[in-house]
Amino acid sequence: AAVAGAPSAPASLRVAAVRAVGAVCAAAPARDAALRLVPPLAALVEAPAAAATGPLREAAMDTLAALAVQLGTEFAPFIPRLHHAKTRQGIRHTRYDAAIARIHAGEPRDGAGAGAMGTGNSDSGEYAMRNDDDDDDDDDEAAPLPRLIFDIDAVRRASSTAGLATEGDWAEWMRDLSIVLLRESTSPLLRECSPVAEVHNPLALELFNAAFAALWDSFEESNRIALLRDIESALKSPTIPHHVLQALLDLAEFMEFEDCQWFTLQTREIAGLAQQCHSYAKALHHQEREFVNSAGQNATDLVSVLSALQMPESARGVLVALHPPARRAAGAPPASKFAQEAAAGSATAAADAPEGALRNPRLYELSHRWRHALAGYEAEYAQFSEDQRRVNPHPVLENMHAQLRCLAALGEWDLVAERGSACLAEHGAENARARGDAQKELADVALPTAEALAALGRVDECQRAASFLRGEPAAFFDALFAARTGDVQSARAAVARCRELLGRDVSAQLQEGYRRAYDSVVRAQQLAEIEEAAESLAVIAAQVAAPGAGSMVPFVPGARASIALGAPTSPLPRASAAVSGSFAAAAASAAASAIDAGGQGSGGARKRPQLDQAVLERWTSRLYGVEYRVSHWHRIMCVRAMLGAAPAAAPSAWLRLASLSRKNGRLDAARRILAAVVRGTKGGDDAAASGVLAISSDEAQVLLNRVDPGRDDPELVFAVAKLQWVEGRADDALGSLRELRARASDGSFWARVHARAGAWRSEVGARSEEVLEAYRAAVSANPESLKAWRALANAQFAFATAAADEEAGVGSGAGGDGSGSPSATGADLFGGGGSKRGSVGRSRNSGGGSGIAVAAARAAIQRRMADVSPSRADQTSESATGNSAVVAAIQAYFRAISLSNADALQDALRLLTLWFRFGADPDADAALSEGFASTPVGVWLLVVPQIIARLHTPVPAIRRLIFELLCRIGSEHPQALVFPLTVASKSASPTRSEMASRVLEQLRRSTPSLVEQSSMVADELIRVAVLWPEMWHDGLEEASRLYFAEKNPEGMLEELAPLHRALERGPESVSERAWAQECGSELNEAQLWCDRYRHTRDRSHLNQAWDLYYKVFRRAAARVQSITTVDLECASPRLMAARDLDLAVPGTYSGAGETVRIGSFERTLGVFSSKQRPRKLRIVGSDGKRHHFILKGHEDLRQDERVMQLFGLVNRLLATHHRTGRLDLSIVRYEVIPLSPVSGLLGWAPDSDTLHDVIKDYRKARNVPVNIEHRLMLSFAPQFDNLPAIGKVEVFLHSLNNTSGEDLRNVMWMQSR
């Protein structure tokens, strides 16, 4: 309709759009859409002849006639307007007039509106006109559409790939095939879209898959085979462009989703084609299937795809599956050992590598186990003879390329340059014929070689290696070398060529996510910086060039210096770039003269000009937006160094790169980068500006040894000290920090220095007071540093708890030397839930800080402080008393909690551990009282379950503080306490119940309605969670086990007593009254028999009772099986009547933002068919949304609540760790709201299904029995239950061997569309 009403659109397109809209509405009636279409069509009828041609107005009238037939009397409001337009324009339309006459006569609407488009003025002759006299009594039901005829020969002609060679040919083939498929489609909807698709190609491509699938179902087998042969021919064509290949791969995926029976291209071929166009997600699916079908024969291809998708963990999993012995070698051997072996050319690496690495080192490379892979490749390379290297260089070059990849990943750039240069010299010069035959392999070897030489600052050799490159890497180095000379035009041309080549891959990568395309994005940033540098250097060169310095020979993009790395010059691999070695040398000399303005070159006296400072500042700020990964930073900094960005100009970026290299085990690279910074800051020459690693390892060590911690730049000294620590030179590192700290002042940097000193002192076993002194200095330097306060608190925590454990004989615990790595038992952090699962941990600490524990801690701390030297007596006065460490830890944790925003859970849990363990001490109690008073109350919402779990503590001081804290929380955040306190008030522990009731009374004074509503909602939800038939069914089942199996009549009576008490209280809902009327008399009589047994101890009375109980049990079992839904009106009329409560929707209150309150409860609750029969509850909130929950009975959810807290901590650790933070790893969490010790609510996980449901739906759709495995087991062994364990295993294996076991995998694949 929008196209039809656009005056600028071609007339033919507007007519086709109107007819397509009419056909679509006729074939698939939709009232709302039809009503929206009438006004724009009426506007076309009203338009003058200049704006609406005759064919367009005629098509509009055809469509309006069809809509009038379809809408019937609903079309009446538009009749006056259209009548006026027809009269003014002189339009006559027979079918429209007939439709209007039927509307005026009050005849029912015609559901088969398609008939109006079938004859008369319509060109769509494929539709049959409906006879108005047929089926008058069924006008509301659309007549079935007839089967459309298609021309198979037209489809065959369009699918033929003969003669296709260029990219334009393939694009035309794709367009023609799409249009023919639409034109010949057996679907009326698709066929009517063909006129629009002919003039709007994107629509044809969008509907290509659907049109192909529609025709495929109508083809005979012979036609399918012929069409499939054409598609396979297209896929295998060497000239097919990537976008056409991507479209055909999408078609293959679409047909697989449609569960097509005949579209069965070879899995291995599709995977290879998907990799060819960089669609690795598609390739992964097919490679996994091939891996299963071929028993792991394609493991290398699978691991390659996983590596391309940046899934190294999955790649290692494949490796372990193939080589189980490799499990023992999951971690790589020490880097230093392998570095020594590589440098010395030793063969012992091959002996130490796993057998699998020697057989297939590619697998180990793809799984990022670089040392093992390198050993395997070196072992392979040693087996090549001289004749093999000369006659058939292809495998030799491929092996060398693999070695260079491994060395580059390990940061061994010197070895990369050495081996790569030697290989290029051997195969690129001495054997010109081999060089011509193996251009691709030579280019593969040349790329890491050129990158290594660039990093090492060996520019001339880098140019020689770059002469072997092809494609995008060649264009990139063209741009880089042109920018070095300041040749702006050549640099721009090379950059444009590189971007064009790069863009071909980026589109496919972006379809699979930004992360997949991130390497290309980094390359694009490098190209932008090359352009900026070229312009900047050209300006500088013009300013500093001396008169008469000589004419400049411009750099020619694409030219290659064919100097053969020590051999005579030879022809270049590309004819278009045939430049002699002498010309290349002249160009290099001219470039040097232009930049160095008088002859710096390789050994001149003058310094090369630096880039503009504004450019460097822009680069530095841009760099900090790059992903914090050493490979990305190394590539960017290498290009910047080649362009003249010296370390002295941007030392912070170089120090960050050194830090990244150090953290990733590239210690030699870190050493050399820091040495470059040292040379630049000390005013030496800037030769390092040619390359990130331009300084040799020996020279780097000499420069680093000259660093003076007392005078040099503090950040540089700190970086050098961290490198010394990693290298194992702890004394040197600590000495450097000692001298550096002597210069300390205030600020965040000095806080980091002091904190690092404390951590290192702890690791070397220094005295606890020395460790604490460093952390105190950190918080003194920056009182607002969260990390410093947290480190101090952790150290004090470890010191205090370890001393107390040692004195009490528990063990050293968290490290008596204040290691700063405090540990706490599960009961300390997540215990106190009232479940049996935490009882052991709580038994030790349930006293909450007894006087014995505090005295033990004080004695131990006093003995440790006695060892402090007299020179530190003044500094240790605060720690001289026994409880000072505990008090200091408490105060530090409170400070850390006040500084943290949303990351206070771990600190709060550790503080609670100190509170419940040492809270009986008066000093600790005073510190806690002061801290709670000064800390925002909202922080403690995170640990409300742990606080309430300690309500029963026997220590009065702790109990008093708990009461005061809960009252403070309740005064500001009552919504966060009402449900937890309601649960605690029903506890079996009298102390806990009493304390919870006292807090609830305080809440009731300020918010009485909220407390009453929470109590009512909790009680009623418990009632709905377990109905009386279910309660009696489960209770009788357990009582039967106790009485008949365990011979425990007292246990039986104790189990049944609560059920009888509930029955005595009387029913409160319709469903309870129905149960009482049905079974109340039998149950009351059975209770009388039980009472007689209590007086007489006569077992016959219990037998009489069980005769009655058994009848009730059978009725309850039948009732339970019939419960599929719960009607809230019958089960809980109070909940049904609840409206607009003050109570927040469970699990939504966070203390921030607007509170979402309960609006109402939906009437019907679904019942799951699992063992505990949970309900699906829907609550309508005040925000207008439905909040979904699972209401569970018979389960204690308090421990689940703690587990969700633990998952939150795990997620935080995964997100903040430098290795796992970029993997997007997290555990999905949901809300857990306990309502009682045996029931509660779970937050509903949206867009999720149970495994049983998805497999059931998948099998039902394919007419496969849902319990096929169980049926196979019973058919193989009818007496399965009587078999021994080994027999049951055999039957189970039989069922597995006779089923595919791929249902879940197929379901996941089908749902990924």
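Before reading further, recall that the structure is shown in the block above.
In this report, the structure presented in the accompanying data block is examined.

The rules behind the values
- Residues numbered from 1 in each chain as written.
- Predicted model: local features only at pLDDT ≥ 70, side-chain atom pairs only at ≥ 80, totals over all residues.
- Heavy atoms only, no water.
- Helix = DSSP H or I, 4+ residues; strand = E, 2+ residues; numbered from the N terminus.
- Buried < 20%, exposed > 50% of the residue type's maximum accessible area, 1.4 Å probe, protein only.
- Contact = heavy atoms within 4.5 Å.
- Areas by Shrake-Rupley, 256 points an atom, 1.4 Å probe, with all protein chains shown as cover.
- Phe/Tyr/Trp six-rings, centres within 6.5 Å; stacked < 30°, edge-to-face > 60°.
- Lys NZ or Arg CZ within 6 Å of the ring centre and 35° of its normal.
- Salt bridge = Lys/Arg side-chain N within 4 Å of Asp/Glu carboxyl O.
- Core = buried A, V, L, I, M, F, W, Y, C linked by side-chain atoms within 4.5 Å.
- Patch = residues over 30% accessible without salt bridge, like charges linked within 9 Å, V, L, I, M, F, W, Y side chains within 5 Å.
- Lys, Arg positive; Asp, Glu negative; His and termini not counted.
- Charge placed at Lys NZ, Arg CZ, Asp CG, Glu CD.
- Axes fitted to C-alpha atoms, helices over the stretch in contact; angles between N-to-C directions.
- Parallel < 35°, antiparallel > 145°, perpendicular 65-115°, else oblique.
- Left-handed = near helix turned anticlockwise from the far one by under 90°.
- Expected span 1.5 Å × (residues − 1).

1. Some points on the overall build of the protein
Right, so step 1: Within the protein, the regular secondary structure consists of 64 helices and seven strands.
Right, so step 2: Counting only residues that meet the buried cut, the protein has 51% of its 1313 residues in that class.
Right, so step 3: Counting only contacts in the protein whose residues sit at least 6 apart along the sequence, the fraction spanning at least 24 positions is 67%.
Right, so step 4: Put simply, the protein shows about 59400 Å² of open surface, and 52% of that area lies on carbon and sulfur atoms.

2. Digging into the packing of aromatic side chains
Right, so step 1: Across all of its chains, the model carries 22 aromatic pairs by this definition.
Right, so step 2: Their ring planes at 70° and their centres at 5.1 Å tell us that Phe932 and Trp940 sit as a pair that is edge-to-face.
Right, so step 3: You can call Phe932 buried: its relative accessible area is 5%.
Right, so step 4: Ring pairs connect the aromatic residues Phe894, Trp915, Phe916, Phe932 and Trp940, which therefore count as one cluster.
Right, so step 5: The side chain of Arg523 reaches across the aromatic face of Phe476, ending 3.9 Å from its centre.

3. A word on the pattern of salt bridges
One side chain can pair with another of opposite charge once the charged atoms of both are near each other.
Right, so step 1: Counted according to the given criterion, the structure contains 63 salt bridges.
Right, so step 2: For Arg895, the salt bridge is made with Glu784, and the minimal N-O distance between the two is 3.0 Å. Separated by 111 residues along the polypeptide, Arg895 in helix α46 (residues 884–899) and Glu784 in the loop between α41 (768–781) and α42 (786–808) bring together distant segments of the chain.
Right, so step 3: In this structure Glu784 comes out as exposed when scored by relative accessible area, which is 52%.
Right, so step 4: Glu1020 is the partner of Arg1134 in a salt bridge, and the nearest nitrogen-oxygen pair spans 3.6 Å. You can see Arg1134 sitting in helix α59 (residues 1133–1137) and its partner Glu1020 sitting in helix α53 (residues 1008–1025), a full 114 residues away along the chain.
Right, so step 5: Owing to a relative accessible area of 47%, Arg1134 belongs among the partly exposed residues under this scheme.
Right, so step 6: A residue is classified by how much of its surface remains accessible, and Glu1020, at 2% relative accessible area, is buried.
Right, so step 7: It is possible to trace a salt-bridge network through shared partners that takes in Asp414, Asp668, Arg671, Arg672, Glu727, Arg729 and Asp732.

4. Regarding unusual backbone geometry
Right, so step 1: Phi is positive for Arg1173, close to 50°, though the residue is something other than glycine.
Right, so step 2: Tracing the backbone through its elements, the reader meets Arg1173 in the loop between β3 (1164–1167) and β4 (1175–1181).
Right, so step 3: Classification of Arg1173 as buried rests on a relative accessible area of 11%.
Right, so step 4: At His1194, a position not held by glycine, the phi torsion is positive, near 65°.
Right, so step 5: Within the fold, His1194 resides in the loop between β5 (1186–1193) and α60 (1198–1216).
Right, so step 6: Of the residues examined, His1194 reaches a relative accessible area of 33% and is grouped as partly exposed.

5. So, the nonpolar core
Right, so step 1: If you look at the biggest cluster of nonpolar residues, it comprises 172 residues, and the most contacted ones within it are Trp173, Leu248, Phe477, Ile530 and Leu674.
Right, so step 2: Other than its neighbours up to four places away in sequence, Phe477 contacts Leu447, Ala450, Glu451, Cys462, Ala466 and Leu469.

6. Describing a positive patch on the surface
Right, so step 1: There is a patch of like positive charges on the surface, built from Arg656, Lys663, Arg752 and Lys787.
Right, so step 2: As for its placement among the helices and strands, Arg656 is situated in helix α35 (residues 651–663).
Right, so step 3: Residue classification places Arg656 among the partly exposed residues on the basis of a relative accessible area of 30%.

7. Quick look at the packing of helix α62 (residues 1268–1276) against helix α63 (residues 1285–1297)
The angle between the axes and the distance between the axes are what describe a pair of packed helices.
Right, so step 1: At their nearest, the axes of α62 and α63 sit 9 Å apart, and the two run at 125° to each other. In terms of axis orientation, α62 runs oblique to α63. In the crossing of α62 with α63, the sense of the turn from one axis to the other is right-handed. Residues Glu1269, Leu1272, Met1273 and Phe1276 of α62 touch α63, and the partners they reach there are Val1291, Phe1292, His1294 and Ser1295.

8. Topic: the environment of Pro1237
Right, so step 1: Tracing the backbone shows Pro1237 in the loop between β6 (1232–1236) and β7 (1239–1243).
Right, so step 2: For Pro1237, a relative accessible area of 27% translates into the label partly exposed.
Right, so step 3: In the structure, Pro1237 is positioned 40 residues away from Leu1197 in sequence and 7.5 Å away in space, judged by C-alpha atoms.
Right, so step 4: Beyond its immediate chain neighbours, meaning those up to four positions away, Pro1237 contacts Val983, Lys986, Glu1195, Asp1196 and Arg1198.

9. Overview of α35
Right, so step 1: Under the 1.5 Å per step criterion, the end-to-end length of α35 is 18 Å for 13 residues, consistent within 8% with the ideal 18 Å.
Right, so step 2: Where α35 is buried, its residues touch α33 (613–623), α34 (630–642), α36 (667–681) and α38 (714–726).
Right, so step 3: Gly665 sits one or two positions beyond α35 and adopts a positive phi of about 80°.

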